[in-house]
Amino acid sequence: MEPLSAHGLPRLSWIDTLYSNFNYNTDGYDGDGAEDGKSQDSSETLPYIDESPTMSPQLCVSQGPDGEAVSPSPLEGDVEKGLEMKKLVLSGFLASEEIYINQLEALVLPMRPLKAAATSSQPVLTMQQIETIFYKIQDIFEIHKEFYDALLPSIQRWDEKVTVGHLFQKLASQLGIYKAFVDNYKNALETAEKCSQANNFFQKISETVSVKGPKDSKDSSTKSSMEDLLYKPIDRVTRSTLVLHDLLKHTPKDHPDFPLLQDALRISQNFLSSINEEIDPRRTAVTTPKGEARQLVKDGFLVEVSESSRKLRHVFLFTDLLLCAKMKKTAVGRHQQYECKWYIPLAVLTFQTLDDSDSCPSIQVLPEHEIEEMKMKISVLKNEIQKEKKAPKGQSRAERLRKKMNEQESWLLLQSPTIPFRIHNKHGKSYLFLLSSDYERAEWKESIQKLQKKDLQACVLSSVELQVLTSSCFKLRTVHNIPVTTNKDDEETPGLYGFLHVIVRSATGFQESANLYCTLEVDSFGYFVSKAKTRVFRDTAEPQWNEEFEIELEGSQYLRILCYEKCFDKSMLNKDDNEIVDKIMGKGQVQLDPQTVQSKNWHMDVIEMNGIKVEFSMKFTSRDLSLKRTPSKKQSGVFGVKINVVTKRERSKVPYIVRQCIEEVEKRGIDEVGIYRISGVATDIQALKLAFDTSKASTLFPSSVPLDTKDILVMLSDMDINAIAGTLKLYFRELPEPLLTDRLYPAFMEGIALSDPAAKENCMMHLLRSLPDPNLMTFLTLLEHLKRVAEKEPVNKMSLHNLGTVFGPTLLRPSESESAKGQHITCASDIWSHDVMAQVQVLLYYLQHPPISFAELKRNTLYFSTDV
C-alpha cells in the first residue's frame, strides 16, 4: 500500500518525484549565503500546477470546450486497480473528514454555553458577538456529519457496484452555506480578536480549543486556536475539489458515479471561481506541498541593520516562518517582485538581548537636529505642492516636488527608528531591526510568540518552494506601500496639526497589584513616536492617575496608549539604552477623528487591552488657536500679564517664575532625557500656574520679599521636572505679546534671511537692543539657560536645534494683523511653513552665538538708531 500524504490521500508517484527533488535546509535560508546544493529541474515529472494569485499552488483540472471538467479515464485493463485506488482515495478522504468534523464540533461545543451565558447576569460575549464569530458553523457541521454518516457504510461494503457520486453531488449543492461563511469570515476573525482582548475568559477559550482525536488515534485530543479552526472551512473547499479530481481519475466513464462526480466538480469549481475575486484582496494563505495551509499572519515595512547600514525591508510573518524580503528593481512596465533575503522557521526563532550576544551590529543614530531639519524640509515641500496644485499649469512642477518629497520621507523613515528588535535563529544567524515604537515591537513579538505556542516543526524549504512562497508575497501582502505622504490619496485626511490634550484617568482589569504607568504615542511623518508618560502608581491593581498631557500633533491620525509594569530591579536592566525592560501589560489605539476631538468639550473614551480597560479623555486645539495671543485684561497674577507689568510689580529684572523654573531645571532636570520636549502632567502644570498666580509676589500690593516664597520652593522641589519645564513654556506661550514683540517680528524675519554674515550680525544685535529692557533681560537669561541644557546633549538628547524648535515659535510669532496681512497660515498642515522655520532659525542664531552681554548691548546703543 502506498504511503498517505498529509491529506490522508495516497502519495502518487509525481508527488514522490517532487519531494525527492527538493533540497532541504534545516537552518532556514539566508539570501546572502544561499542553500547547500541546487534544486534539480523536475518540470518533466510535474503535472500542470496553478500558481494564480487567487489560490494556493494546486492541481488544475483540465476543461473541455464547454467549460465542463474532464479527466482522463483509466487505461483499459486497469479497472480493478482503478477501483482499489478509488477506495484508497475515499478512505483517506473519510479519515480527513472525521478530523474536519471534530474540528467543527470543537467550535460548536463552546458556542452553546456562551449563548446560555449571554442571557445571564454575567455574559462572556453578547449574542451578536457569538452569532458573528460562529456564523454558519452549526450548519456546516450538520452538513458534513450527514455526509460522513452516509459515506462510511459505502466504503465498508465496497465493491464495483457501490456508488458515492450522489453524496458528493449533494455536498456540492450545499456550498451556498460556505459562501455565507466566507463573506463573514473576516468579520468573524476581527470580532474574535477584539473579544479576546476585552475578556480574559474568552481569550483562554479561544487560544486553547480542545479538538477530539480520530477514533483510532493514540491522542485522545489536541489543542488548537479558534483562529486556526475558523480557517478550516475555507481550506476544506479547496481540498474537496482536489479529491473530486482524484476520484474522477480512477472512475470509468461508464460508471454511474462518473457524471455525478463530474457535476459535483463543476459546481465546486464554479463556486471557487465565484469567490476567488471576493477573497483575493484578503487572501492570507498558500498551501505547502504537503497540503498544509501556510497563512500570512502579519506583514509590514521594517528597517534592518545589515552590514552596519540601514535597509528597508518588507517582513512577512507566516504561521510557521518569518520571511524578510526586499523589492526587486524591475524594468518599467514589468510586474514588481520580491527577493527573499532570509527566513527563519518559527520553531527555531528566539528573541535575542544584548546579554545573549557576543557582538552586536553598531546602530548608527543621527543627531536629532538632522531629523528635525528633514521634517521641516518635508513640511515646506507639502506647502509648495499645495500651492502648485492651485496654480495654472503647476501640475508638472508639483509632480517633481512630490518625487523629491518621497525621497526625503523615505530617508526619514529609514533614519528615525532607534528601538532595537533582535531575532535569532538557533542554528544560524541573528538579525537586528530598528523600530520607532515600542507598541510596534510588542505587536511583532506577541504575534510570533502566539504562533510559537502551537506544536511547530522546523519547516524546511527548497529553493523551488522558497521561490514560490516569495512570489506569492506580492499578492498576499496587506501593507502595499511604505507609509509616506506621496503614497496617500489626495482625498485622505491629512491628519491633525496642533495640540491634543489627553487626561489619562484610570485603569482596571489587572489580576494582581503592580507598579503601573502608561505611555502615549502618536503618529507623525509616517511613524509613531512616544510623547508622554504618566507617573508610576505603586502596588495597586486599580491605578488612578488622573494626569493631563499636552501633546503636539504633526499630521497625526492615531493615539496609542501602552500600559507597563515598572521594573525596579536594577539587575534586570539591559545594557542598551533603547531597550525597555518594563513589561507591557496591554496596549491599544484610537483614531483621532477630527469631528470628535475638535469639540470644545472633553471627549471621554476607553481603550480595552488584554482584559485591561484604560479610561481617558481628550480634546484638540489647532496650532493657530493655541498660540493666539489675547489682550491682557488681568492686573494680578503672572500668566497672561504683560512682562513689564510683572517685573515692575516684583521690582525685578526677570520675572520670578522664569528665574525659579530655570533654577529648578538646572538643579535636577538638566540630565533628564527630552527635557522641554517631553510633556509634563497638565494637572501639575496648572497647579504650579495657580501657585505662581496667587503668590504674594504676583499681587497688586507686593512686599519686597514675598512671604510665601518658601511654599513655592517646596512645591517646585516636589514636582515632576517635566511639569516645571512645561510651566515655563506655558508662561511664555500665554504672554499677551510674544517675548520678542509683535513690532519687531517683521524685522527679525528679514534679518535672519540676510546672506552676508556681517550684515546679519549687525541686524540681529541691533534688534536685541531694540527690545524693552524686561524682554531683553528675560530673553538673555533664557538663552544662557538653554545653552547650558544643550551642553548636556549626550545625556538629555536635547541639542540647540531641538531647543530652538521647542521655543522658537513660542517666543517669536506674528501678530494677528501681520498674520492676516501676509496669509502666513493657509491650511492646517502648514505648521512648518517658511515663517515657522524662520522662527526656529532666529532663536538658533542666538543660541549658537557667543555669550551676549546686556551691558555690552546697551553701551553700543549710542551708535545705533532704535528705529526699525
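Residues numbered from 1 in each chain as written. Predicted model: local features only at pLDDT ≥ 70, side-chain atom pairs only at ≥ 80, totals over all residues. Heavy atoms only, no water.

**Some points on the overall build of the protein chain**
At step 1: The helix and strand tally for the protein chain stands at 28 helices and 22 strands.
At step 2: Expressed as a percentage of the 868 residues in the protein chain, the buried residues total 51%.
At step 3: Within the protein chain, residue pairs in contact and separated by at least 24 positions form 73% of the contacts whose partners lie at least 6 positions apart.
At step 4: As displayed, the protein chain has an accessible area near 41800 Å², and 50% of this comes from carbon and sulfur atoms. (Helix = DSSP H or I, 4+ residues; strand = E, 2+ residues; numbered from the N terminus. Buried < 20%, exposed > 50% of the residue type's maximum accessible area, 1.4 Å probe, protein only. Contact = heavy atoms within 4.5 Å. Areas by Shrake-Rupley, 256 points an atom, 1.4 Å probe, with all protein chains shown as cover.)

**Description of the environment of Phe301**
At step 1: Within the fold, Phe301 resides in strand 7 (residues 293-306).
At step 2: Residues Phe301 and Pro483, spaced 182 residues apart in sequence, show a C-alpha to C-alpha distance of 8.7 Å.
At step 3: When neighbours within four sequence positions are excluded, Phe301 is seen to be in contact with Leu312, Arg313, His314, Glu440, Val479, His480, Asn481 and Ile482.

**Observations regarding the pattern of salt bridges**
At step 1: A complete count under the given rule lists 30 salt bridges for this structure.
At step 2: With its nearest N and O atoms 2.7 Å apart, the salt bridge here joins Lys454 to Asp228. Highlighted residues: Lys454 in the loop between helix 12 (438-452) and helix 13 (463-476) and Asp228 in helix 8 (residues 226-249), separated in sequence by 226 residues.
At step 3: Note on Lys454: relative accessible area 28%, which makes it partly exposed.
At step 4: The salt bridge partner of Arg441 is Asp438, with a shortest N-O separation of 2.9 Å. With a gap of three residues between them, Arg441 and Asp438 both fall in helix 12, about one helical turn apart. The exposure classification of Arg441 matches that of Asp438, with both residues buried.
At step 5: Here the salt bridges do not stand alone but share partners, grouping Glu193, Glu227 and Lys450 into one network. (Salt bridge = Lys/Arg side-chain N within 4 Å of Asp/Glu carboxyl O.)

**Observations concerning the packing of helix 10 (residues 368-390) against helix 25 (residues 800-811)**
At step 1: One can describe the packing of helix 10 onto helix 25 by two numbers: an axis separation of 8 Å at closest approach and a directional angle of 45°. In this view, helix 10 runs oblique relative to helix 25, as classed from their interaxial angle. Between helix 10, through Glu368, His369, Glu372, Glu373 and Met376, and helix 25, the contact on the second element is made entirely by His801, Asn802 and Thr805.
At step 2: Class assignment for the residues of the contact of helix 10 with helix 25 results in one nonpolar, four polar and three charged. (Axes fitted to C-alpha atoms, helices over the stretch in contact; angles between N-to-C directions. Parallel < 35°, antiparallel > 145°, perpendicular 65-115°, else oblique. Nonpolar A, V, L, I, M, F, W, Y, C, P; charged D, E, K, R; others polar.)

**What about empty space enclosed by the protein?**
At step 1: The tally for this structure, following the rule as stated, stands at five cavities of 30 Å³ or more.
At step 2: Counted as a void, the largest cavity has a volume near 120 Å³.
At step 3: As for the largest cavity, its lining consists of His144, Phe168, Leu171, Ala172, Leu175, Tyr178, Arg236, Val237, Ser240, Thr241, Leu244 and Ser268.
At step 4: Within the residue set of the lining of the largest cavity, elements represented by two or more residues are helix 5 (165-173), helix 6 (175-198) and helix 8. (1 Å grid on protein atoms, 1.4 Å probe; cavity = no way out; pocket = protein on both sides within 12 Å on 5 of 7 lines; lining within 4 Å. Points joined across faces, edges and corners; volume = space filled by probe spheres on them.)

**Details of the sheet that holds strand 21 (residues 603-609)**
At step 1: The sheet built from four strands is open, its strands ordered 18-14-22-21 with antiparallel pairing. Each of the sheet's edge strands pairs with one partner strand only, and the pair in question is strand 18 (544-556) and strand 21. If you compare each strand with its neighbour and ignore which way they point, the axes differ by 30° on average.
At step 2: In the sheet, strand 21 pairs with strand 22 (residues 612-622) via seven bridges, with the strands oriented antiparallel. Paired with His603 across the bridge in strand 22 is Met618. (Pairing = 2+ DSSP bridges.)

**Brief notes about unusual backbone geometry**
At step 1: Not every positive phi belongs to a glycine, and Ser308 is a case in point at roughly 65°.
At step 2: Secondary-structure assignment places Ser308 in the loop between strand 7 and strand 8 (309-318).
At step 3: Phi is positive for Asp539, which is not a glycine, with a value near 45°.
At step 4: Along the chain, the position of Asp539 falls in strand 17 (residues 537-540).

**As for the side chain of Asn515**
At step 1: Looking at where Asn515 falls in the secondary structure, it is placed in strand 15 (residues 514-524).
At step 2: Reaching out from Asn515, the side chain makes a polar contact with the backbone nitrogen of Asp539 at a distance of 3.0 Å.
At step 3: Leave out the neighbours within four places in its chain, and Asn515 touches Val536, Phe537, Arg538, Asp539, Tyr564, Glu565, Lys566 and Phe568. (Polar contact = N/O pair within 3.5 Å; in protein donor to acceptor, adjacent residues only side chain to side chain.)

**A look at the confidence of the model for the protein chain**
At step 1: Of the residues in the protein chain, 77% reach a pLDDT of 70 or more, and the chain-wide mean stands at 78.
At step 2: Per-residue pLDDT, averaged within each element of the protein chain, yields its smallest value for strand 2 (residues 49-50) (30) and its largest for helix 23 (residues 773-790) (96). (pLDDT = per-residue confidence, 0-100.)

**Concerning the pairing of strand 19 (residues 558-565)**
At step 1: Within strand 19, six of the eight residues are buried, which leaves the element mostly enclosed by the surrounding structure.
At step 2: Where strand 15 and strand 19 come together, seven bridges link them in antiparallel fashion. The residue bridging Leu516 from the neighbouring strand is Glu565, located in strand 19.
At step 3: Here strand 19 pairs with strand 20 (residues 583-591) via eight bridges, running antiparallel.

**Some details on the nonpolar core**
At step 1: Of all hydrophobic cores here, the largest spans 66 residues; its most connected members are Tyr676, Phe732, Phe779 and Tyr846.
At step 2: With nine residues, helix 23 is the largest single contributor of residues to this core.
At step 3: If you look at the next biggest cluster of nonpolar residues, it comprises 57 residues, including Val89, Leu167, Cys195 and Ala264. (Core = buried A, V, L, I, M, F, W, Y, C linked by side-chain atoms within 4.5 Å.)

**Concerning the packing of aromatic side chains**
Given two aromatic rings, their pairing is described by the distance between the two centres and the angle made by the two planes.
At step 1: For the coordinates displayed, the defined rule picks out 18 aromatic pairs.
At step 2: Both rings, one in Tyr656 and one in Phe692, keep their centres 6.2 Å apart while their planes meet at 65°; by these two values the pair is edge-to-face. Of this pair, Tyr656 sits in helix 17 (residues 656-668) while Phe692 sits in helix 18 (residues 682-693); the two residues are 36 residues apart in sequence, bridging distant segments of the chain.
At step 3: Taken together, Trp342, Phe351, Phe421, Tyr431 and Phe433 form an aromatic cluster joined through their ring pairs.
At step 4: Sitting above the plane of the Phe351 ring, Lys445 keeps its charged end 5.2 Å from the centroid.
At step 5: Sitting over the ring of Tyr517, Lys533 keeps its end group 4.9 Å from the ring centre. (Phe/Tyr/Trp six-rings, centres within 6.5 Å; stacked < 30°, edge-to-face > 60°. Lys NZ or Arg CZ within 6 Å of the ring centre and 35° of its normal.)

**Some details on the environment of Leu857**
At step 1: Checked against the element boundaries, Leu857 lands in helix 28 (residues 854-859).
At step 2: Note on Leu857: relative accessible area 4%, which makes it buried.
At step 3: Taking the C-alpha atoms as reference, Leu857 lies 9.8 Å from Ser770; in sequence the two are 87 residues apart.
At step 4: Setting aside residues no more than four positions away along its own chain, Leu857 makes contact with Met765, Leu768, Arg769, Leu776, Leu780 and Ile852.

**Some remarks on the side chain of Arg477**
At step 1: Within the fold, Arg477 resides in the loop between helix 13 and strand 14 (496-508).
At step 2: Despite its burial, Arg477 remains without a salt bridge, the nearest opposite charge being carried by Asp299 at 6.8 Å.
At step 3: Looking at Arg477, its side chain comes within polar contact range of the main-chain oxygen of Phe474, at 3.0 Å.
At step 4: If we skip the residues at most four places from it in the chain, Arg477 touches Leu296, Asp299, His314, Phe316, Met327 and Tyr338. (Lys, Arg positive; Asp, Glu negative; His and termini not counted.)

**As for the packing of helix 6 against helix 7 (residues 200-207)**
At step 1: It is at 6 Å that the axes of helix 6 and helix 7 come closest, and there the two elements cross at 130°. As judged from the angle between their axes, helix 6 and helix 7 are oblique. Packed against helix 6, whose contacting residues are Ala192, Cys195, Ser196 and Ala198, the element helix 7 presents Asn200, Phe202, Gln203 and Ser206 at the interface.
At step 2: Tallied by class, residues from the contact of helix 6 with helix 7 come to four nonpolar, four polar and no charged.

**Some thoughts on helix 8**
At step 1: Look at helix 8: 36 Å from first C-alpha to last across 24 residues, which is about the 34 Å you get at 1.5 Å a residue.
At step 2: In helix 8, a bend of some 35° at Pro233 exceeds every other bend along the element.
At step 3: By the criterion of burial, helix 8 is predominantly enclosed, with 20 of the 24 residues buried. (Expected span 1.5 Å × (residues − 1). Bend = angle between axes of the 7 residues up to and from the residue.)

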